[in-house]
Amino acid sequence: MDIPVFILAGLLVHFVFLVSIFDIYFSSPLVHGMTPQQTPLPPPAKRLVLFVADGLRADSLYELDGNNTSHAPYLRAILENNGSWGISHTRVPTESRPGHVALIAGFYEDVSAVAKGWKENPVEFDSVFNESKYTWSWGSPDILPMFAKGATGDHVYTFCYTAESEDFGAQDASKLDTWVFDHVKSFFNSSRSNQTLFSALNEEKVVLFMHLLGIDTNGHAHRPNSREYKENIRKVDEGVKEIASMLESFYGNDGKTAFILTSDHGMTDWGSHGAGHPSETLTPLIVWGAGVNYPQQVTSQFFEDNFLKEWKLENLKRLDVNQADIAPLMASLIGVPFPLNSVGTLPLEYLNNSAHFKAESMFTNAVQVLEQFKVKMNQKKATTLSFLFTPFKPLSDPEQINFLKKTRLYIQQQKYDEAVSLCKTLINLALEGLSYYHTYDRLFLGLSVAMGFVGWTTYVILVIVKTHTNLTKTVQSSDKESAALLYGFTFVGMMITFFLLIQTSPWTYYIYCLLPVPVWYAVMRELHVIQNLTANLWSLPISQSLGFILISILGIEILVFSFFYRATLTVGLLVFAGWPVITQLWVQAKTTTLIWTVLCALLAVFPLMPVVGREPNIPLVIAAGLLTLLISGFSLASSCKSENKYRNNEDMKVHFYQMLSIALSTYVVSNTHNSLKNKQGLPVFNQIISWTTLVSSSVLPLLSPTFLFQRLFSILLSLMATYLLLSTGYEALFPLVLSGLMFVWIHMEQEALQHYGLSLKPKLAVFNFAYATDITQFRQLHLDDIRRSFFFVFFIVTAFFGTGNIASVNSFDPASVYCFLTVFSPFMMGGLLVLKVVIPFVLVSCAFEAVQVTTQLSSKSLFLIVLVISDIMALHFFFLVKDYGSWLEIGTSISHYVLVMSLTMFMMLMNGLAQLLTTKRLDLSRRTKHHAT
């Protein structure tokens, strides 16, 4: 297979494997075509007011300060005297969009929304706003438009401030909430002179929604334990009090207004959200007004979190709900149909109404969830052959009819408690059934993808053995055998296509099921290689073969383990530190071995450091900047002292410019931090320097000489300038230690090459990347090259997990990007955080490029071994993907698989980028180049 064809095939296969988990585990659960269901009895409220305090933690609202006073006295008085309260349990990802969808539409968002930055509507859905007569909403342009967009007709109105207002560096973010409260008041004042608006506001089934973003913005900028965050809670409390009072007066105290205050997600102590920490998933819920229960006194109640005593609320009944339960509660209070895709269960304890009303509402809820189950079942039935279809037995057609008849009879006989209990059972069964049909094809698709995976990995191993080793002889296969093989696999492909056609399967199923056919065909064509390889392996001593296989398995398992436990990397690095001693390399290179051991031990410290939850440590970032300047100054001095004939004035200028970039980056980090601390915003000068540094860091290395260490040092300086701007603490030192180890690794590989007598030692000081690709000098693979490839994969994983883990990438913490921007922009901020992760990757990839050319190996041969290692890891994670259990586990399992799959594709790109950064040179002065030979 040609190299371009092989790379394209590899990218295609990996892309299919990557996308497959979203089809197998995370396709959208939403179905369409249900009949709207609403309670037949008159509702208690004519209108509903929903306050969502974005990023408000439950403990921040309910706790008392040192003087036993609440941060929100009005809301505290409400839950003690007028309404019901509890905790709303959110799900991961704890982001604004999924939180609002759960609150207002009653279902938990699927992964397809990630690609939209949690803003746009990846799938159309129904919501309480859509079912209302009119909804007026005020707040953020990130949240409001999605509910207006999904609504049918023109009855959901939005009033938003500008996106630029959402500035983390602003003097006071609580002005976002003041804007909302002021606009609501002026809106109601203006309605008195606008008869159309006045009559619309006096209709039934009206929703008023206020999205309050100030608390979230202050939490990101100053942390939830800050004075600013708590002050913002107080301002929201005052605003809610004013709005409630104004509405009661506007409607003449008619007692027909219901109020709900809650939050979309919480926030960690360090000002981020996205993962599943209790501080992110526990949000407050206070409900009062028309149709809502008064506070219920209790003598004792038990909750695992032990918050009640701390909050001094032990004697008031706490009513916890899942976030999606709030949508049916709102629908029941104002008498609108339950949102069609809602999976919430109506929390009856919040309702102050007759037992009959509660039973009817619960019955409506059960029928609405059952409708979704029936649509899902019919969809699956239509696309499966009748003899292969296995129905969900607990809810067969007779069982459904039996449940509904029995419930209706209980309501007629006024046995309301029995009716409610039966409805809850039916809801749970319907949700189980929905999950059953949603995951119906999972095993079949999973096996297909796994077969393709195993086939591809086997094929890559055969390519390595055939083209880069001396283990096999070339054998011509007969035409008859080739034809029989081709016809056999074509027949299998046609049978699979026919089977999928008669089931009217989606087009993606064809890809997953047919992909293994050509892959295994390619493997079977290399049957003679397999036979030769087997014969060769049998000729080796069994202990040697088994030992090699065991060490390989152990190495890959350590890599897999490191995704779950970062400390595994520390163990691995300490083993690496002892590698020269184990292999007797230290005998011939004592100094290099000593430096290698020290740097391995230093790098081993980073995975043990805390990942998220650290406070910014700007002095450490400044120290890293100064250390980089010191090292580059020392490098410059030593090259001047040795009167380096390979350097000239142009190269010196580039080096000076890079040192200036490092100095400016160090200054910008320090100055920006102080400016934001004093609430003076991000200085424009700092922003200009930051973006200029970012752009120049990709060009400057290309202006430096292509001699091995000069070019690698130039790449480090350029990337370090950008990395400093994105650092907030100890991680600023990470690229320095990593690069130090990479430089020594290049030397160690030279020693290893000599040790095994594979080649003469080239003079590294004058080694030039530009002239390193002489194809005649490439050698065949040696067993030690597998170790080399493993080192590379290990260093790549260390580059990723050295200063963070999955939770730190999932949890959004904008502090790292404050030198570039402070106005909320998920894609721009996400892009900069990804760049921060990529910089250590580039450093490792460039070092690996140097290892390949100095050890006289073609980049393709080592890269193929890397491909096999990462594919075996990916297969591990494919079977570890979860869609059950805690939401943090689900998010982490997807991230692991996506990471390893992306890593493989990413390493192909990194390989190309490393070649570009190391071998290419821009000559701005158009002078003739003189290279020493």
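Predicted, not measured: the structure shown is a model, and the values here were computed from it. (Residues numbered from 1 in each chain as written. Predicted model: local features only at pLDDT ≥ 70, side-chain atom pairs only at ≥ 80, totals over all residues. Heavy atoms only, no water.)

(A) Geometry of the overall build of the chain. Broken down by element type, the chain carries 34 helices and 8 strands. Look at the contacts in the chain between residues 6 or more apart in sequence, and 80% of them connect residues 24 or more apart. Roughly 39500 Å² of accessible area belongs to the chain as shown, and the carbon and sulfur atoms make up 63% of that amount. (Helix = DSSP H or I, 4+ residues; strand = E, 2+ residues; numbered from the N terminus. Contact = heavy atoms within 4.5 Å. Areas by Shrake-Rupley, 256 points an atom, 1.4 Å probe, with all protein chains shown as cover.)

(B) Layout of the packing of aromatic side chains. With the rule as written, the count across this model stands at 53 aromatic pairs. Judged by centre distance (5.5 Å) and plane angle (40°), the ring pair of F392 and Y436 falls under tilted. Within this pair, whereas F392 is found in the loop between α14 (355–382) and α15 (397–412), its partner Y436 is found in helix α16 (residues 416–438), the two being separated by 44 residues in sequence. Judged by its relative accessible area of 28%, Y436 is partly exposed. With centroids separated by 5.2 Å and ring planes inclined at 65°, the aromatic side chains of W745 and F795 adopt a geometry described as edge-to-face. (Phe/Tyr/Trp six-rings, centres within 6.5 Å; stacked < 30°, edge-to-face > 60°. Buried < 20%, exposed > 50% of the residue type's maximum accessible area, 1.4 Å probe, protein only.)

(C) Structural detail: the confidence of the model for the chain. When pLDDT is averaged along the chain, the result is 84; 88% of the residues meet or exceed 70. Confidence over residues 114–122 falls short of pLDDT 50; this stretch has 26 contacts with residues more than four positions distant or in other chains. Of the regions scoring below 50 in pLDDT, residues 926–933 engages in 10 contacts with residues more than four places distant in sequence or in other chains. (pLDDT = per-residue confidence, 0-100.)

(D) Local environment of the nonpolar core. In this structure, W596, W745, F795 and M873 are the most contacted members of the largest nonpolar core, which totals 134 residues. The element best represented in this core is helix α32 (residues 826–854), accounting for 13 residues. Leave out the neighbours within four places in its chain, and F795 touches L573, F576, W596, L741, M742, W745 and V844. By size, the runner-up hydrophobic cluster in this structure holds 67 residues, among which are L48, L144, L319 and Y350. (Core = buried A, V, L, I, M, F, W, Y, C linked by side-chain atoms within 4.5 Å.)

(E) Highlighting the pattern of salt bridges. Per the stated rule, a full pass over the model turns up 16 salt bridges. Between R57 and D269 there is a salt bridge, with the nearest N and O atoms lying 2.8 Å from each other. Residue R57 is found in the loop between β1 (47–53) and α2 (58–62), and its partner D269 is found in the loop between β6 (257–262) and α11 (278–281); the two are separated by 212 residues along the sequence. Residue R57 is classed as buried on the basis of its relative accessible area of 7%. A salt bridge links E749 to R787; the nearest nitrogen and oxygen atoms lie 2.8 Å apart. In this pair, E749 sits in helix α29 (residues 734–755) while R787 sits in helix α30 (residues 783–801), placing the two residues 38 residues apart along the sequence. R787 carries the same exposure label as E749, and that label is buried. (Salt bridge = Lys/Arg side-chain N within 4 Å of Asp/Glu carboxyl O.)

(F) Main features of the packing of helix α9 (residues 214–222) against helix α10 (residues 227–250). Packing of α9 against α10 brings their axes to within 9 Å, and their N-to-C directions diverge by 170°. The orientation of α9 relative to α10 falls into the category roughly antiparallel. Counted together, G214, I215, N218, G219 and H222 of α9 and E228, Y229, N232, I233 and V236 of α10 form the full contact between these two elements. Here the contact of α9 with α10 is built from residues that sort into 4 nonpolar, 5 polar and 1 charged. (Axes fitted to C-alpha atoms, helices over the stretch in contact; angles between N-to-C directions. Parallel < 35°, antiparallel > 145°, perpendicular 65-115°, else oblique. Nonpolar A, V, L, I, M, F, W, Y, C, P; charged D, E, K, R; others polar.)

(G) The environment of S127, seen in detail. With respect to the element layout, S127 can be found in the loop between α4 (96–105) and α5 (128–131). By relative accessible area, which is 2% here, S127 ends up buried. Sequence separation between S127 and L340 is 213 residues, and the spatial gap between their C-alpha atoms is 7.6 Å. Setting aside chain neighbours within four positions, we find S127 in contact with I104, A105, F147 and P339.

(H) Structural context of unusual backbone geometry. With a phi angle near 60°, K205 is a residue other than glycine that sits in the positive phi range. Topologically, K205 is positioned in the loop between α8 (195–201) and β5 (206–212). The exposure class assigned to K205 is partly exposed, which follows from its relative accessible area of 27%. The phi angle at K312 is positive, at roughly 55°, despite the residue not being glycine. Examined against the element boundaries, K312 turns out to sit in the loop between α12 (307–311) and β8 (321–322).

(I) Spatial organisation of the pairing of strand β3 (residues 134–139). Across the 6 residues of β3, 5 count as buried, placing the element largely inside the fold. Of the pairings in the sheet, the one linking β3 to β5 comprises 5 bridges and is parallel in character. Pairing of S137 across the sheet is with F209, part of β5. Note that β3 and strand β4 (residues 156–160) share 5 bridges and pair parallel. Directly across from S137, in β4, lies its bridge partner T158. (Pairing = 2+ DSSP bridges.)

(J) Seen up close, the sheet that holds strand β7 (residues 282–289). Across the sheet, which stays open at both edges, the 8 strands sit in the order β4-β3-β5-β1-β6-β7-β2-β8 with mixed pairing between neighbours. The open sheet has two edge strands with one neighbour each: β4 and β8. Strand contacts of helix α3 (residues 73–81): β2 (84–89), β6 and β7, with the helix running at about 65° to β7, the strand carrying the most contacts. Of the strands in this sheet, β1, β2, β5, β6, β7 and β8 are in contact with helix α13 (residues 326–334), which crosses β6 at around 170°.

(K) Region of interest: the packing of α14 against α16. Across the interface, α14 lies against α16 with an axial gap of 8 Å and an inter-helix angle of 20°. When the axes of α14 and α16 are compared, the pair comes out roughly parallel. For the pair α14 and α16, the crossing hand works out as left-handed. Split into classes, the residues belonging to the contact of α14 with α16 amount to 19 nonpolar, 5 polar and 3 charged. (Left-handed = near helix turned anticlockwise from the far one by under 90°.)

(L) Summary view of the side chain of N365. As for its position among the elements, N365 is in helix α14. For N365, a relative accessible area of 0% gives the class buried.

(M) Structural context of the side chain of R788. Considering the arrangement of structural elements, one finds R788 in helix α30. The class for R788 is buried, based on a relative accessible area of 0%. There is a polar contact of 2.7 Å between the side chain of R788 and the side chain of E749. (Polar contact = N/O pair within 3.5 Å; in protein donor to acceptor, adjacent residues only side chain to side chain.)

(N) Representation of α14 within the structure. In a regular helix each residue adds 1.5 Å, so 28 residues correspond to 40 Å; α14 covers 41 Å between its end C-alpha atoms and thus fits that length. Burial analysis of α14 places 20 of its 28 residues in the buried class, the great majority of the element. (Expected span 1.5 Å × (residues − 1).)

(O) A look at the environment of L630. Here L630 shows up in helix α25 (residues 618–641). Between the C-alpha atom of L630 and that of M659, which follows or precedes it by 29 residues, the distance is 9.5 Å.

(P) Structural view of a nonpolar patch on the surface. A grouping of F387, L388, F444, F498, F499 and I502 is seen on the molecular surface, where their side chains present a nonpolar patch of about 610 Å² in accessible area. Top element by residues in the nonpolar patch is helix α18 (residues 479–502). It accounts for 3 residues. (Patch = residues over 30% accessible without salt bridge, like charges linked within 9 Å, V, L, I, M, F, W, Y side chains within 5 Å.)

(Q) Spotlight on the environment of V823. Structurally, the position occupied by V823 is in the loop between α31 (806–810) and α32. For the pair V823 and S165, spaced 658 residues apart in sequence, the C-alpha separation works out to 7.4 Å.

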